[in-house]
Amino acid sequence: MASASATGKLSREEFRRQKDLDAARKAGTAPAALDEEGKPINPHIPQYIAQAPWYLDTGAPSLSHQRIPEYDRSADKLDNWYDRGAKAGPAAKKYRKGACENCGAVTHKRADCLERPRKKGAKFTNRDIAPDEVIQDVASGYDAKRDRWNGYDPAEHKRVYDEYAAVEAARQKLREEEIDKRTTTDLAAVRKVAKAGKEKSEGRDDDFGSSEDEDEDQDKYAESADAVGQKLDTKTRITVRNLRIREDTAKYLINLDPSSAYYDPKTRSMRDNPLKNVPAEEAMFAGDNFLRYSGEAPEVQKLQLFAWNASQRGNDVHINALPTQGQLLHKEYVKKKEELKDTTKVSILAKYGGEEYLEKAPKELLQGQTEEYVEYSRTGQVIKGKERAKVKSKYPEDVFLNNHTAVWGSWYDLTTGQWGYACCHSSVHMSYCTGEAGIKASEESSAKHLLQSSASSSMPPPPPPPVADTVDDRKKKAEELFSKRRLGEGDLSLDKDKLSQAINEERKRKARGDDDDRFGKKQKSSYEVSEEELEAYRMNRRMTEDPMANYVDTEL
């Protein structure tokens, strides 16, 4: 099939003939088209496959653009590498022009020489001329360039074996020296140690490590344990940690109570602890949430929450796409947050103070545990041991002044309702103590004692027996006690001239701001306040407790 690009723009007649030829080739009546190699082209191949693109069009019908091109793959060999340290024949006897001035090799210059710089180069001494290196041109292919083991010599791994052998020999020598240094004469103990060392050396396998590694990993293997339903050889090593123990109890069988933790059979998860009375640290299974909130799981959740919050603020943070960037940003965020918190704390303490209250008390004071033994009785008294000291206040205690043997406030007078000293019954603060004489004098001068003495000297006639009050008398007495007239708030007959004069004086007193001397100089003398002055005071008094005192109606 000829390509459209090869025929160019066809006329109507040529296009019709091309169509007929394609139909004949498909029907088998016309021979198939041949490509540039002489191979027939299947006429049933679609045009989009048979037609070559413009950059691979040769002008003739061909399917070479659909085949893999044949490249020279000699450079893709993985064993094609530089021959390290190869020298080109013996070294020269004399210095050659254009050679390295340091070592005398022609293959490089002085700037590229890898030999130690000489005090006098080979150019001037003509001695110790280095042989020429073999310049190799290794054309590495695609696979050879990306092979990480290309050029590696497996013989170099023998150094690892030699190193392990040297370490094991040193360990064996150290063990022998330890046996020699023992001063015990018990030959059985020496033979036991030697036999143990021999068994370890015989059981050592250089391919899997030293005998010490086997001692450290002995808990990983069960050499003489028979599993259920299995016949094991004691020489066969079985890793117990990697085996799945089929005897493990399922989550839903730990607690068969229907009201216990919910088990989701679809996800095989039980989030809560099935045994509430057993602590999570001691339980065989404490729930999936216990594992979810232990270890590094909370840190991952904090990191994810930080990424979501940062994305909402417009920052491009994604934990799955850029985990390292997210961790660095979160670390920087936490650091700045702590610095801001410390700065705020320091500023508040600098402004208001109180840093001493933030210091934590010692553990001994918080727990209150000591080594002192104390026994108490049922009433709380100390039977055996040292009694605790009483808590002292910041004020001075047990300080006796003016010959007193008791402090102020240690005695209370019930008759007068005053505090005083218990040593002398004096109710005057900072007075001099008079002792028992003061107590006797205070008792004799008390009002109760005086009344008793006066009663004993003049015996009045006995009072008449109380007369039973009637209901009307009790009502009348109650009205007299609680009437407004007695309290000064009833209907009183006031003199208008005196009232106006009292109001003017009260206003002048308030204008002067004289609150202490409310009634002027009259208060110092034996002067009784009249009803007019009392009424004037009440009329000019500020009603501070009245909620409507400052009310102003704005609608008027």
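Bear in mind that the values here come from a model prediction, so they are computed numbers and not experimental data.

In this section: the overall build of the protein chain. Within the protein chain, the secondary structure is distributed over 18 helices and 4 strands. Buried positions account for 16% of the 556 residues belonging to the protein chain. Here the contacts in the protein chain between residues at least 6 apart in sequence split such that 36% fall between residues at least 24 apart. Only carbon and sulfur atoms are counted for the fraction: they give 53% of the accessible area of the protein chain, which is about 47,600 Å².

Glancing now at the pattern of salt bridges. If you walk through the whole model with that rule in mind, you get 13 salt bridges. Note that R17 is salt-bridged to E13, the shortest N-O span being 3.9 Å. Of this pair, R17 and E13 both sit in helix 2 (residues 12-27), 4 residues apart, roughly one helical turn. The exposure class of R17 is partly exposed, given its relative accessible area of 48%. Given a relative accessible area of 39%, E13 falls into the partly exposed group. A cluster of three or more residues bridged by salt bridges with shared partners is formed by E13, R16, R17 and D20.

Judged by side-chain polarity, W408, Y412, L414 and W419 come together as a nonpolar surface patch covering roughly 490 Å² of accessible area. Relative to the elements of secondary structure, L414 occurs in the loop between strand 3 (411-413) and strand 4 (418-420). When its relative accessible area of 75% is taken as the criterion, L414 is described as exposed.

To continue, consider empty space enclosed by the protein. Using the criterion set out here, one finds 3 cavities of 30 Å³ or more in the structure. Of the volumes computed, that of the largest cavity is approximately 50 Å³. If you trace the largest cavity, you find it lined by A52, L56, D57, T58, A60, S62, S64 and H65. The residue inventory of the lining of the largest cavity, partitioned by class, reads 3 nonpolar, 4 polar and 1 charged.

For the rest of this paragraph, the subject is the pairing of strand 2 (residues 382-385). Where strand 1 (residues 374-376) meets strand 2, 3 bridges bridge the pair, whose relative direction is antiparallel. The residue of strand 2 that forms the bridge with E375 is K384. Hairpin connection between strand 1 and strand 2: a loop of 5 residues separates the two successive antiparallel strands, and G380 in this loop has a positive phi of roughly 95°.

Right, let's talk about unusual backbone geometry for a bit. Even without glycine at this site, D128 takes up a positive phi of about 55°. Taking the relative accessible area as the measure of exposure, D128 reaches 65% and is therefore exposed. Within the chain, M430 stands out as a residue other than glycine whose phi angle is a positive 60°. In this structure, M430 sits in the loop between strand 4 and helix 13 (436-444).

With that out of the way, let us pick up the packing of helix 10 (residues 297-312) against helix 11 (residues 323-352). In contact at an axis separation of 10 Å, helix 10 and helix 11 are set at 90° when each is read in the N-to-C sense. By the angle between their directions, the pair helix 10 and helix 11 is classed as roughly perpendicular. Contacts between helix 10 and helix 11 pair K302, L303 and F306 from the former with G326, Q327, L329, H330 and Y333 from the latter. Taken together, the residues of the contact of helix 10 with helix 11 sort by class into 4 nonpolar, 3 polar and 1 charged.

The next point concerns the environment of A406. Summarising the element assignment, A406 is placed in the loop between strand 2 and strand 3. In this structure the C-alpha to C-alpha distance between A406 and Y421, which are 15 residues apart in sequence, comes to 6.2 Å.

Here K498 lies in helix 17 (residues 496-512). Residue class for K498 comes out partly exposed when judged on its relative accessible area of 49%. The sequence separation of K498 and S530 amounts to 32 residues, and the corresponding C-alpha distance is 9.4 Å.

Residues of the protein chain with pLDDT of at least 70 account for 72%, and the chain-wide mean is 77. Every residue in residues 1-7 is under pLDDT 50, and counting partners more than four places away or in other chains gives 16 contacts. When the criterion is pLDDT under 50, residues 205-211 qualifies, and its contacts beyond four places in sequence or with other chains add up to 10 contacts.

Compared with the 22 Å implied by 1.5 Å per residue over 16 residues, the 23 Å span of helix 2 between its first and last C-alpha is a close match. Taken together, the buried positions of helix 2 are Q18, D22, A24 and R25. An end-on view of helix 2 places all buried positions within 160° of arc, on one side of the element. Facing away from the buried side of helix 2 by more than 90 degrees, the exposed set consists of R12, K19 and A27.

As a further point, take helix 17. Over its 17 residues, helix 17 runs 24 Å from end to end, which matches the ideal 24 Å to within 8%, given 1.5 Å per residue. Buried residues belonging to helix 17 abut helix 18 (531-540). Sitting at the amino-terminal end of helix 17 is D495, which places a side-chain oxygen 3.4 Å from the backbone nitrogen of D497. Looking one or two places after helix 17, you find G513, whose phi comes out positive at around 75°.

Rules used in this analysis
- Residues numbered from 1 in each chain as written.
- Predicted model: local features only at pLDDT ≥ 70, side-chain atom pairs only at ≥ 80, totals over all residues.
- Heavy atoms only, no water.
- Helix = DSSP H or I, 4+ residues; strand = E, 2+ residues; numbered from the N terminus.
- Buried < 20%, exposed > 50% of the residue type's maximum accessible area, 1.4 Å probe, protein only.
- Contact = heavy atoms within 4.5 Å.
- Areas by Shrake-Rupley, 256 points an atom, 1.4 Å probe, with all protein chains shown as cover.
- Salt bridge = Lys/Arg side-chain N within 4 Å of Asp/Glu carboxyl O.
- Patch = residues over 30% accessible without salt bridge, like charges linked within 9 Å, V, L, I, M, F, W, Y side chains within 5 Å.
- 1 Å grid on protein atoms, 1.4 Å probe; cavity = no way out; pocket = protein on both sides within 12 Å on 5 of 7 lines; lining within 4 Å.
- Points joined across faces, edges and corners; volume = space filled by probe spheres on them.
- Nonpolar A, V, L, I, M, F, W, Y, C, P; charged D, E, K, R; others polar.
- Pairing = 2+ DSSP bridges.
- Axes fitted to C-alpha atoms, helices over the stretch in contact; angles between N-to-C directions.
- Parallel < 35°, antiparallel > 145°, perpendicular 65-115°, else oblique.
- pLDDT = per-residue confidence, 0-100.
- Expected span 1.5 Å × (residues − 1).
- Arc of directions from axis to C-beta.
- Polar contact = N/O pair within 3.5 Å; in protein donor to acceptor, adjacent residues only side chain to side chain.

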